Amino acid sequence: MNSLPDSNCDASPARNRNSIPAIVVFVLCLAYSLVQAPIPGVNEPHYLCKAKHFWQPDYCPHDFFLDSSNTHFVFYAAIGWLTKFLSLESTALIGRIVGLGLLASGWTALLSRVSGNRAVPVLAVMLLLASLSFQSFSGEWIVGGIESKVFAYGFIFWGWAMLADRRRTLSSALLGLGTSFHPVVGGWSLIATACSLMLPGRKNQSISNDRPVRWPLLVGMFLACSLPGVIPALITLFEPVTDSYAADQIQVFQRLGHHLNPAQFPLSAFAYYALLLVLELRLTLWFRSRSHLADSRAIRLWNGIVLGSLLVAAGGLAVGFTREAGFLPAWDPLLVKLMKFYPFRLVDVILPISVVWKLAALSGTGKAAKLILVSTIIAAWVWCLWIPLPSRNPDRMKPEQREAWRDACRWIDENLPPDAIVLTPSSPVSFKWYASRAAYVTFKDCPQDSAGLLEWDRRRSVFKSWASENYDDRRYDREELRELRTLTGGGFLLTSRLGPIESEPVFKNDRYRLYELPADEE
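Residues numbered from 1 in each chain as written. Predicted model: local features only at pLDDT ≥ 70, side-chain atom pairs only at ≥ 80, totals over all residues. Heavy atoms only, no water.

A. Representation of the pairing of strand β5 (residues 513-516). Bridging between strand β3 (residues 492-495) and β5 involves four bridges; their strand directions are antiparallel. Bridge assignment links T495 to a residue of β5, and that residue is R513. As paired strands, strand β4 (residues 507-508) and β5 are joined by two bridges and run antiparallel to one another. Counted as the bridge partner of F507 is L514 from β5. The hairpin turn running from β4 into β5, its antiparallel successor, is four residues long. (Pairing = 2+ DSSP bridges. Helix = DSSP H or I, 4+ residues; strand = E, 2+ residues; numbered from the N terminus.)

Take a look at the structure:
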């Protein structure tokens, strides 16, 4: 790489040429999304069924998850209206195209500024997808199904790109939109941005000192764009509940421990991200050894953002392991509350991004290095498309079981009353997607408000206790099914393993049976 221009010029033909890399990045992301996360992706039933219910309350009425608080209000409002005219599958596809288009354009705008090389965004996204396919720290990803964080990262990348161009007002608006779509992603990104702006830099090239900063305008613009999403999230967070500590424990250690509790992260995640950190430090020093690279305001902005994300993650590790060790028992409720805020979410994406774009930038250092590096990146890209990731099969079913599941769901969709509540197997994520009926409780569909978390835990306990206590004679009779209906309010039981049941199913195939639970007066 011969030069890295300071990203401080107005729009130009060179900048317009970034549209070609952005299109390539979009195609790469969409291909990866469709191959590794076929519709519906692991989170799409969770998000899009709720978005549909947001606009059409008569869809799956009485489903307690769909009736719970709308934490991702802006996403539901922006996407859910499509479900009034299109199927969930079509809505997911359009959502992916729009969301990944925004993400690809923001990614390209940002990396073209920090690298000064139009090829870097393309090479870097290929390497990033391979990296995240190999290992993540807390389970974060940015390319897969459509959900609110895809839009959030797209807006935030654009916000950072505009900040590198000193277009502060537009940057504030874009960061606010990202926060509105996903308050957690946006909130940590804002903290990382603030950390970057507070770092010392050359006065004549710093981002914050080149001209007067109109803080009231910037703050007002950010708040105007972020509050539509932040207010519903704050309402959910501070909703009064009798035992918020119990709800926090359920969220942090039961439902979302793989995202929130570092003690539950695999050792391979720590090892891999330690390697990434070493690479990041080495690459940063390499850039700093070249004066024309070290002087880039955009690179200093980016390195500050990386540092901010690392500091947030370090705080999360400190809180998590302090709580795990029991050093501050009196502070335990506060520590658990802090762990709810996904402190590892940002570093899980930002650190790999920083490493891959700097590696991709090495492709300009010489012909031999370029050939080797580009060949390696292409091989990694082919590998990440070929390897069968768990996201290809979120329900974890073999093909014959998956077809039987969809067959049962189709029958339910065509034959049960629209307001039916079905007790389903807990693990499949796609029941409402295919059956369009309310589920009593599933593991995936857990509300984020404290009252909803407690109810989710209660419902799971009710069903498990009923199944265990009534199996003493190794069967379930009609009286026990009647008790289940009384306990849950559900009218139907869909099962594959529970039994034997002394009742004739209203539907069955090779894998699943559906029973109507008898009413009290029957």
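B. Representation of the packing of helix α9 (residues 183-198) against helix α15 (residues 297-325) in the model. Contact geometry for α9 and α15: axes closest at 7 Å, N-to-C directions at 125°. In terms of their interaxial angle, α9 and α15 are classed as oblique. Both α9 and α15 take part in a crossing whose hand is right-handed. Together, W188, I191, A192, T193, C195, S196 and L197 of α9 and R300, L301, G304, I305, L307, G308, S309, L311 and V312 of α15 make up the contact between the two elements. Looking at side-chain class alone, the contact of α9 with α15 contains 10 nonpolar, five polar and one charged residues. (Axes fitted to C-alpha atoms, helices over the stretch in contact; angles between N-to-C directions. Parallel < 35°, antiparallel > 145°, perpendicular 65-115°, else oblique. Left-handed = near helix turned anticlockwise from the far one by under 90°. Contact = heavy atoms within 4.5 Å. Nonpolar A, V, L, I, M, F, W, Y, C, P; charged D, E, K, R; others polar.)

C. Representation of the nonpolar core. F75, W107, W160, W302, W357, F431 and L494 are the most contacted members of the largest nonpolar core, which has 117 residues in total. It is helix α7 (residues 148-164) that provides the largest number of residues to this core, a total of 12 residues. Apart from residues lying up to four places away in sequence, W357 is in contact with L111, V114, S115, V120, A124, F287, I299 and W302. Residues L423, W466, L493 and Y515 belong to the second largest nonpolar core, which totals 22 residues. (Core = buried A, V, L, I, M, F, W, Y, C linked by side-chain atoms within 4.5 Å. Buried < 20%, exposed > 50% of the residue type's maximum accessible area, 1.4 Å probe, protein only.)

D. Local environment of the pattern of salt bridges. Considering all chains together, one arrives at 19 salt bridges under this definition. Of the charged contacts, one joins D332 and R323 as a salt bridge, the two residues approaching to 2.8 Å between their closest N and O atoms. Owing to a relative accessible area of 12%, D332 belongs among the buried residues under this scheme. Residue R475 pairs with D477 through a salt bridge whose shortest N-O separation is 3.9 Å. Residue classification places R475 among the partly exposed positions, given a relative accessible area of 28%. (Salt bridge = Lys/Arg side-chain N within 4 Å of Asp/Glu carboxyl O.)

E. Quick look at a nonpolar patch on the surface. A cluster of nonpolar side chains, namely L34, W55, W81, F85, L86, L93, I94, I97 and V98, defines an oily patch on the protein surface of about 780 Å² accessible area. For the nonpolar patch, the leading source of residues is helix α5 (residues 88-115), giving four residues. (Patch = residues over 30% accessible without salt bridge, like charges linked within 9 Å, V, L, I, M, F, W, Y side chains within 5 Å. Areas by Shrake-Rupley, 256 points an atom, 1.4 Å probe, with all protein chains shown as cover.)

F. Broad picture of the packing of α7 against helix α8 (residues 168-181). Interhelical geometry of α7 versus α8 gives an angle of 165° and a closest axis separation of 7 Å. On the basis of their axis angle, the class for α7 and α8 is roughly antiparallel. Regarding α7 and α8, the two cross each other, and that crossing is left-handed. The segment α7 lies against α8, with S148, F151, A152, F155, I156, W158, G159, W160, M162 and L163 engaging R168, L170, S171, L174, L175, L177, G178 and F181. Class assignment of the residues belonging to the contact of α7 with α8 gives a composition of 13 nonpolar, four polar and one charged.

G. The arrangement of the sheet that holds strand β2 (residues 438-439) in detail. Taken together, the five strands give an open sheet; going across it, the order is β2-β1-β3-β5-β4, and neighbouring strands pair in mixed fashion. Edge positions in the sheet fall to β2 and β4, since each has one partner strand and no second.

H. How the structure looks around the side chain of R96. Residue position: R96 is located in helix α5. Side-chain polar atoms of R96 contact the side chain of S33, separated by 2.8 Å. (Polar contact = N/O pair within 3.5 Å; in protein donor to acceptor, adjacent residues only side chain to side chain.)

I. Representation of the pairing of β3. What you see with β3 is no split at all: F492 and L494 on one side and L493 and T495 on the other are buried throughout. Across two bridges, strand β1 (residues 421-423) lies against β3 in parallel orientation. Bridging across to β3, L423 finds its partner in L493.

J. Representation of the confidence of the model for the chain within the structure. Here the chain shows a mean pLDDT of 91. Residues at 70 or above account for 92%. Here residues 1-14 scores under 50 on pLDDT; set against residues more than four positions off or in separate chains, the count is 32 contacts. Low pLDDT (under 50) marks residues 202-206, which in the prediction has 12 contacts with non-local residues, meaning those over four places away or in another chain. (pLDDT = per-residue confidence, 0-100.)

K. Inspection of helix α21 (residues 450-469) at higher detail. With 20 residues, α21 extends 28 Å from end C-alpha to end C-alpha; this agrees with the ideal 28 Å at 1.5 Å per step. Among the residues of α21, those classed as buried are S450, G452, L453, W456, R459, R460, V462, W466 and A467. Turning to α21, the residues buried within the fold contact α11 (244-255) and α22 (478-488). (Expected span 1.5 Å × (residues − 1).)

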